[in-house]
Structures are given as C-alpha cells and as structure tokens.
Amino acid sequence: MMDKRLEKIENYIRQYHMIEENDHVAVGVSGGADSVCLLYVLVALRKKLGLQLCAVHVHHGLRGVEADADEAYVRDICRAWDVPLKSMRIE
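Residues numbered from 1 in each chain as written. Predicted model: local features only at pLDDT ≥ 70, side-chain atom pairs only at ≥ 80, totals over all residues. Heavy atoms only, no water.

(A) The pairing of strand E3 (residues 85-89), seen in detail. Relative to E3, strand E2 (residues 52-59) runs parallel, the two being bridged by five bridges. Along E3, the bridge assignment pairs Ala 55 with Leu 85. In this fold, E2 hands off to helix H3 (residues 65-80), which returns the chain to E3; that crossover is right-handed. (Pairing = 2+ DSSP bridges. Helix = DSSP H or I, 4+ residues; strand = E, 2+ residues; numbered from the N terminus. Right-handed = clockwise from strand over helix to strand, strands pointing away.)

Shown next as structure tokens:
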C-alpha cells in the first residue's frame, strides 16, 4: 500500500496537471534535504505518473571538499535510485 503522504502528493500533482504522462522532468539536486526529498518523491511516483526523470547537479567550486562530497552523494543516490544524472562544474 502506498504511503498516504505520497498518495496526497500524487493527487495534488494530478489535480493541478503539474506532470502529465510521458513528461520529461529534470530535477535540480544539490544534495540538501529539500532537493533529495523532491527526487525521492518523484522516483516513488515515476511509474504511476508515467514520467521520465533525470537529475541535474551543478558544482560551483565554492565550497571545496564539501561541494565534492555533495556531488558524490548525489551521484550515489542517483545510481541507487536508477535516475540518470547530468553533473556539471561551473565556476
């Protein structure tokens, strides 16, 4: 049985036509709690909503090893959740 919170999110997405079947959705994922949660929810709903999902991570080179760790974390969760990732470094 689907978690009631996911069901509520799915109903909201459908009610307001936020995502239609066969839509391609790119999710900006920094590695922080908000963006990881968004990615998690969309991964959980991708089959039911019939969407194509990919993640995008931008490493700005501003926080040194912390930014490197964020990039590695995003890469790991995308691999684990079978989400294509486009990671780029932009100064």
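(B) Structural view of the layout of surface pockets. The calculated volume of the largest pocket comes to roughly 150 Å³. Every residue along the wall of the largest pocket is listed here: Val 29, Ser 30, His 57, Val 58, His 59, His 60, Gly 61, Leu 62, Arg 63, Ala 67 and Asp 70. Looking at the lining of the largest pocket, the elements with two or more residues in it are E2 and H3. The element best represented in the lining of the largest pocket is E2, accounting for three residues. Partitioned by chemical class, the residues of the lining of the largest pocket number four nonpolar, five polar and two charged. (1 Å grid on protein atoms, 1.4 Å probe; cavity = no way out; pocket = protein on both sides within 12 Å on 5 of 7 lines; lining within 4 Å. Points joined across faces, edges and corners; volume = space filled by probe spheres on them. Nonpolar A, V, L, I, M, F, W, Y, C, P; charged D, E, K, R; others polar.)

(C) Layout of helix H1 (residues 4-15). For H1, built from twelve residues, the straight-helix expectation of 16 Å at 1.5 Å per residue is met to within 8% by its first-to-last C-alpha distance of 16 Å. What H1 keeps buried is the set Leu 6, Glu 10 and Ile 13. The buried residues of H1 occupy an angular sector of 60° when the element is viewed end-on, so they sit on one face. Residues of H1 that are exposed and angled more than 90 degrees away from the buried face: Lys 4, Arg 5, Lys 8 and Gln 15. Buried-residue contacts for H1 involve helix H2 (33-49). With a side-chain oxygen positioned 2.6 Å from the backbone nitrogen of Arg 5, the residue opening H1 is Asp 3. At the exit of H1 stands His 17, carrying a positive phi of roughly 50°. (Expected span 1.5 Å × (residues − 1). Buried < 20%, exposed > 50% of the residue type's maximum accessible area, 1.4 Å probe, protein only. Arc of directions from axis to C-beta. Contact = heavy atoms within 4.5 Å. Polar contact = N/O pair within 3.5 Å; in protein donor to acceptor, adjacent residues only side chain to side chain.)

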